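Per-entry structural report
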2 protein chains.
Amino acid sequence: MRLIHFPLDPGSRKIRLLLAEKGVECAYAEERPWERREEFLALNPAGEVPVLVDGEVVVSDAQAIAEYLEETHPSPPLMGGDPKARAEVRRLTAWFDRKFCREVTAHLVEEKIGKRLSGRGYPDSGAVRAGHANIHTHLDYIAWLIDRRSWLAGEQFSLADIAAAAQLSAVDYVGDVPWDAHDGARDWYARIKSRPSFRPLLADHIPGAPPPKHYADLDF
Amino acid sequence: MRLIHFPLDPGSRKIRLLLAEKGVECAYAEERPWERREEFLALNPAGEVPVLVDGEVVVSDAQAIAEYLEETHPSPPLMGGDPKARAEVRRLTAWFDRKFCREVTAHLVEEKIGKRLSGRGYPDSGAVRAGHANIHTHLDYIAWLIDRRSWLAGEQFSLADIAAAAQLSAVDYVGDVPWDAHDGARDWYARIKSRPSFRPLLADHIPGAPPPKHYADLDF
């Protein structure tokens, strides 16, 4: 199995965490999707990472990959045990994959690092301000859920926690998560950050854009 | 079962088509999500349609609803028969739900009708031009797929066809699908448009924003 990914891309991070949590052996190949290499576009005409290559099966779209891995490697289950539980996992996974990404990650990670790497200019300060303003509601929502449940979607660790941590870890890489104002979300993130599956993400290092010191620190 | 939806919202259209294809009895309640009614936000804090209420189970996010319906009403199967086939259905479903929506539907339907209904001003002409420019690639991609397969994701009609038709039907409501330049996509759409599941969508009528004459015409 081979995953084509970009280290700071939250969809790629979600699948790296999922593969590690499931203990699936996988080779990793880094792709800079904005270069639009022909061989890469032939695998995924959408031009987006991540892409999973499993023998003759090629899967793209992060959530399609997650569903594929849950079906082909069901143990440990990470999407809930029945349709109702799975609906809650999928609802929250979509919340972080899309709503959080659109309102926060795109404004901060894309503006601060994505634009520079792909030569599309400088961060838009209005966008960065919007990202800083929007993140609080999401951190409050995490704390609200964790007040009522052990993990985001229920009593079991699930893809919803993975999806949320994938987004937050990318924002944390640019130093923009206000942990000090959000104890509840920090306690939840500290539990995830200490999982063995998280170690490779904490070792990520984008040339020319190092993470802040607390990024890899388990006691942040 | 009750679906809370907005007629022109493509995610809502996707679930209406899916329910009809599966022959599931369902009550429909129209919601104008931009009004942010408290009772609605209590059901879905993301503030988005569609939301499915099935007894005590509340599911939001259109794809989470689709997966829930496929699990609870597996007949007829609309997501493929094995992990590989399902991966292709989910990849293309995500293509239309997100890529097509972002590059086309948001620029045309949201600008021309969404903004007016929610009192957020007038269409941005740059956005509308971008939508008109972007739609051709997508219609070409549909034709390319249909040259090789009976339906978008393979030999069986699937959620991928439903997701694509949900987006295109919303754009067709504002008269912005250049059918004359895209015979392959038109032939595929004509097959879907004539399915009984499509009839309620063709009867949709937004007060003050009637569809063009060809919208409900099976010979368009």
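Residues numbered from 1 in each chain as written. Chains lettered and ligands numbered in written order. Predicted model: local features only at pLDDT ≥ 70, side-chain atom pairs only at ≥ 80, totals over all residues. Heavy atoms only, no water.

**Re helix H5 (residues 125–148) of chain B**
Since one α-helical turn is 3.6 residues long, residues separated by three or four positions face the same way. Residue and element names in this part refer to chain B. With 24 residues, H5 should cover 34 Å at 1.5 Å per step; its first-to-last C-alpha distance of 36 Å lies within 8% of that length. The set of residues buried in H5 consists of Ala127, Val128, Gly131, Ile135, His138, Leu139, Tyr141, Ile142, Leu145 and Ile146. Here the buried face of H5 lies against helix H4 (83–117), helix H6 (159–173) and helix H7 (183–193). (Helix = DSSP H or I, 4+ residues; strand = E, 2+ residues; numbered from the N terminus. Expected span 1.5 Å × (residues − 1). Buried < 20%, exposed > 50% of the residue type's maximum accessible area, 1.4 Å probe, protein only. Contact = heavy atoms within 4.5 Å.)

**Some details on the sheet that holds strand E4 (residues 57–60) of chain B**
All names here are of chain B. Here four strands make up an open sheet; going across it, the order is E2-E1-E3-E4 and the pairing mixed. Among the strands making up the open sheet, the edge pair consists of strand E2 (27–30) and E4. Neighbour-to-neighbour, the strand axes of the sheet open up by a mean angle of 20°, direction not taken into account. Of the strand pairs in this sheet, strand E1 (residues 2–5) and E2 are connected by four bridges, and their pairing is parallel. Opposite Leu3, over in E2, you have Tyr28 as the bridge partner. In the packing of helix H1 (residues 10–22) onto the sheet, contacts are made with E1 and E2, and the angle to E1 comes to roughly 155°. Contacts between helix H3 (residues 62–72) and the sheet are confined to strand E3 (51–54) and E4, with E4 contributing the most and set at about 130° to the helix. (Pairing = 2+ DSSP bridges. Axes fitted to C-alpha atoms, helices over the stretch in contact; angles between N-to-C directions.)

**Thoughts on the packing of aromatic side chains**
All names here are of chain A. In this structure the tally under the stated criterion is 22 aromatic pairs over all chains. Measuring from centroid to centroid gives 5.1 Å for Tyr173 and Tyr215, while their planes differ by 75°, and the two rings are edge-to-face. Of this pair, Tyr173 sits in helix H6 (residues 159–173) while Tyr215 sits in the segment after helix H8 (199–202), placing them 42 residues apart in sequence. The pair formed by Tyr173 and Tyr215 is uniform in burial state, with each residue classed as buried. On the basis of an interplanar angle of 65° and a centroid distance of 5.2 Å, the ring pair of Trp179 and Phe220 is categorised as edge-to-face. (Phe/Tyr/Trp six-rings, centres within 6.5 Å; stacked < 30°, edge-to-face > 60°.)

**Remarks on the confidence of the model for chain A**
Residue-level pLDDT values for chain A average 97, and 100% of them are 70 or greater. In the predicted assembly, ipTM is 0.97 and pTM is 0.98. (pLDDT = per-residue confidence, 0-100.)

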